[in-house]
Amino acid sequence: MSETISPPPHKIIGVAVISNDQGQILIDRRRPEGAMGGLWEFPGGKIEKGETVEECIKREINEELGILIEVGKHLITIDHTYTHLRVTLTVHHCRHLTGIPQPLECDEIRWVNLDELDRFAFPQANIQIIAALRESDRSHP
Ligand SMILES: Nc1nc2c([nH]c(=O)n2[C@H]2C[C@H](O)[C@@H](COP(=O)(O)OP(=O)(O)OP(=O)(O)O)O2)c(=O)[nH]1
Ligand SMILES: [Mg+2]
């Protein structure tokens with residue numbers, strides 16, 4: 001009998017690093033159940049058919065947090081393979097426009113300063129996002 005090895009599922013995700021006028025960044029805590037439960041992340045979700053990454057990010061942020069944002073420059077794209085899952089995270093800088101963020105699909109939301117990010121537990125792939133964010137902050141604070 002032969003066994004076939006299938007590759008892990010691959011999720012293509014648009015991710016927002018949302019800044020406010022105080023220079024803080026919005027992070028959310030994933031619900032305790034399910035994959036990466038309880039870890040903090042930058043809000044975002046799966047790109048739907050026919051959608052650009054910018055459209056996806058805007059839609060997901062409105063669905064998950066009930067706010068409007070402006071999607072700005074591309075920050076970084078990360079391809080990361082977890083034990084049973086591969087993710088491609090396309091991350092954009094975004095600016096908060098209107099609405100108070102609500103935890104509609106997550107456990108908790110916080111506005112944090114860049115130097116506070118180390119206090120929160122993120123998925124492995126986010127190490128590169130946070131490094132890129134610090135780098136971009138150094139070059140244009
Ligand atoms: N939104 C977001 N997802 C991240 C980050 N880092 C990271 O590894 N991921 C992973 C976690 C998830 O597997 C995937 C995001 O997919 P998703 O939010 O659409 O899906 P999910 O797993 O929460 O839930 P589901 O809709 O598949 O049931 O990307 C991050 O900073 N933000
Ligand atoms: Mg999501």
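Worth saying up front: this structure is predicted, and the values here are computed from it rather than measured.

**Quick notes on the UniProt feature "domain: Nudix hydrolase" (unreviewed entry) in the protein chain**
Inference 1: When the UniProt feature table is mapped to this numbering, "domain: Nudix hydrolase" (unreviewed entry) covers residues 8-135.
Inference 2: Taken end to end, residues 8-135 is 18% helix and 41% strand, and its two terminal C-alpha atoms sit 31 Å from one another.

**Comments concerning the pairing of strand E6 (residues 86-98)**
For a regular strand, side chains alternate in direction, first toward one face of the sheet and then toward the other.
Inference 1: Relative to E6, strand E1 (residues 10-19) runs parallel, the two being bridged by 10 bridges. By the bridge assignment, Ala-16 is partnered in E6 with His-92.
Inference 2: Judged from the 11 bridges that link them, strand E5 (residues 68-81) and E6 form a sheet pairing that is antiparallel. Within the sheet, the bridge partner assigned to Glu-70 lies in E6 and is Arg-95.
Inference 3: If you look at the hairpin formed by E5 and E6, you'll find 4 residues sitting between the two strands.

**Describing helix H2 (residues 126-139)**
Inference 1: The terminal C-alpha atoms of H2 lie 20 Å apart, and with 14 residues this matches the ideal 20 Å at 1.5 Å per residue to within 8%.
Inference 2: All of the buried residues along H2 are Asn-126, Ile-129 and Leu-133. Projected down its long axis, H2 carries its buried residues within an arc of 50°, all on one side. With respect to the buried face of H2, the exposed residues turned more than 90 degrees away are Ile-127, Ala-131, Arg-134, Glu-135, Arg-138 and Ser-139.
Inference 3: Here the buried face of H2 lies against E1, strand E3 (40-41), E5 and E6.

Conventions adopted
Residues numbered from 1 in each chain as written. Chains lettered and ligands numbered in written order. Predicted model: local features only at pLDDT ≥ 70, side-chain atom pairs only at ≥ 80, totals over all residues. UniProt positions renumbered as here; feature names shortened; annotations may be inferred. Helix = DSSP H or I, 4+ residues; strand = E, 2+ residues; numbered from the N terminus. Pairing = 2+ DSSP bridges. Expected span 1.5 Å × (residues − 1). Buried ≥ 20, exposed ≤ 12 C-beta atoms within 10 Å, placed from the backbone. Arc of directions from axis to C-beta. Contact = placed C-beta atoms within 7 Å.

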